[in-house]
Amino acid sequence: MKKQLLNRKRLLQLALSLCLILVSANTSWGQQTIGSFPYMDGGFEGQSTGNLTQANNGSANVWTKSAANSTSSIVANASLARSGVKYAIGNLATGGSNRGLQSPLGASVAGSHVIQFYYRNYPASTNIQAGIAAVNGTIQTSSATSTDWVKASFVVISTALVSTYSYVGRLNPTTAFSFDVDDVVVYSGTVVDETAPL
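Residues numbered from 1 in each chain as written. Predicted model: local features only at pLDDT ≥ 70, side-chain atom pairs only at ≥ 80, totals over all residues. Heavy atoms only, no water.

Caption draft 1: A look at the nonpolar core. Core analysis: the biggest nonpolar cluster contains 29 residues, and Phe117, Val181 and Val184 have the highest contact counts within it. Elements supplying a minimum of two residues to this core: β3 (86-92), β5 (111-120), β7 (130-132), β10 (150-158), β11 (166-171) and β12 (177-188). The greatest single-element share of this core, amounting to five residues, is contributed by β12. When residues no more than four places from it in sequence are discounted, the contact partners of Val181 are Phe44, Tyr87, Ala88, Leu101, Phe117, Tyr118, Trp149 and Val168. (Core = buried A, V, L, I, M, F, W, Y, C linked by side-chain atoms within 4.5 Å. Buried < 20%, exposed > 50% of the residue type's maximum accessible area, 1.4 Å probe, protein only. Helix = DSSP H or I, 4+ residues; strand = E, 2+ residues; numbered from the N terminus. Contact = heavy atoms within 4.5 Å.)

Caption draft 2: The arrangement of the sheet that holds β3 in detail. The strand order across the open sheet formed by six strands is β1-β2-β3-β12-β5-β10, and the pairing between neighbours is antiparallel. Strand pairing shows two members of the sheet lacking a second neighbour, β1 (50-51) and β10, which therefore form its edges. Pairing of β1 with strand β2 (residues 73-76), which is carried by two bridges, proceeds in the antiparallel orientation. Of the residues in β2, the one forming a bridge with Gly50 is Ile74. (Pairing = 2+ DSSP bridges.)

Caption draft 3: Representation of the pairing of β3. Most of β3 sits inside the fold, with six of its seven residues counted as buried. Judged from the five bridges that link them, β3 and β12 form a sheet pairing that is antiparallel. Following the sheet pairing, Ile89 is matched in β12 by Asp180.

Caption draft 4: Local environment of the pairing of β2. Sheet topology places β2 next to β3; four bridges connect them, and they run antiparallel. Bridge pairing in β3 places Ala76 opposite Lys86.

Caption draft 5: How the structure looks around the pattern of salt bridges. The final tally for this structure, using the stated rule, is two salt bridges. A salt bridge links Arg82 to Asp183; the shortest N-O distance between them is 2.5 Å. With a gap of 101 residues between them, Arg82 in the loop between β2 and β3 and Asp183 in strand β12 connect regions that are remote in the sequence. With a closest N to O distance of 3.0 Å, Asp180 and Arg120 form a salt bridge. With Asp180 in strand β12 and Arg120 in strand β5, this residue pair connects regions lying 60 residues apart in the sequence. (Salt bridge = Lys/Arg side-chain N within 4 Å of Asp/Glu carboxyl O.)

Caption draft 6: Here's a closer look at the environment of Ser188. When you line up the elements, Ser188 lands in strand β12. The sequence separation of Ser188 and Gly111 amounts to 77 residues, and the corresponding C-alpha distance is 7.7 Å. A polar contact is formed between the side chain of Ser188 and the side chain of His113, at a distance of 3.4 Å. (Polar contact = N/O pair within 3.5 Å; in protein donor to acceptor, adjacent residues only side chain to side chain.)

Caption draft 7: Structural detail: the environment of Ala81. If you trace the backbone, Ala81 turns up in the loop between β2 and β3. Using a relative accessible area of 11% as the deciding quantity, one classes Ala81 as buried. Taking the C-alpha atoms as reference, Ala81 lies 7.0 Å from Asp182; in sequence the two are 101 residues apart. Residues within four places of Ala81 in sequence aside, it is in contact with Lys86, Tyr87, Trp149 and Asp182.

Caption draft 8: Looking closely at the side chain of Asp182. Tracing the sequence through the fold places Asp182 in strand β12. No salt bridge is formed by the buried Asp182; the nearest opposite charge belongs to Arg82, separated by 6.4 Å. Within the structure, Asp182 has its side chain in polar contact with the backbone nitrogen of Arg82 (distance 3.0 Å). With residues up to four places along the chain from it excluded, the contact list for Asp182 reads Gly42, Gly43, Phe44, Ala81, Arg82, Ser83, Lys86, Tyr87, Phe117, Tyr118 and Trp149. (Lys, Arg positive; Asp, Glu negative; His and termini not counted.)

This is the structure in structure tokens:
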């Protein structure tokens, strides 16, 4: 009888240990790391929903906007996001060049990097730009199909800075507008990596 009770105790301890391991594993795998700079949280899953705060040159751990009158925000809606549950709405305000979305600050980088992201609801055939800190990528023209997710990529040669952020959407629009962004990634390189993941 005592031996049977001991086995039940061990079985309960084993079951509780297994539950703890599974919960810990689920928490650590809750977000996929993509690109060379995982602190960016380019899928926005680790960000709080709501309006972004204004910061001239980025901020630690959170996405920001550069213009005080911009209404950029993080939204949770799995049926509208390209992947995951959350995505960002960038807003470019009128009156001066502004960065609609700025990634969290990270380690300084130098050399050629690729900024890649997906956008939607951007005014058709309008200039779109991305960059790293004060270094701008070449201005491109947005897709004529603005209601589907469209991939954009920019090659930017950055200089070493004390801390670095990347941005999506830097323009001086004559009319303010908003656009959706998801799955932002930055990686070292001189060309876009089209290799499918293993």
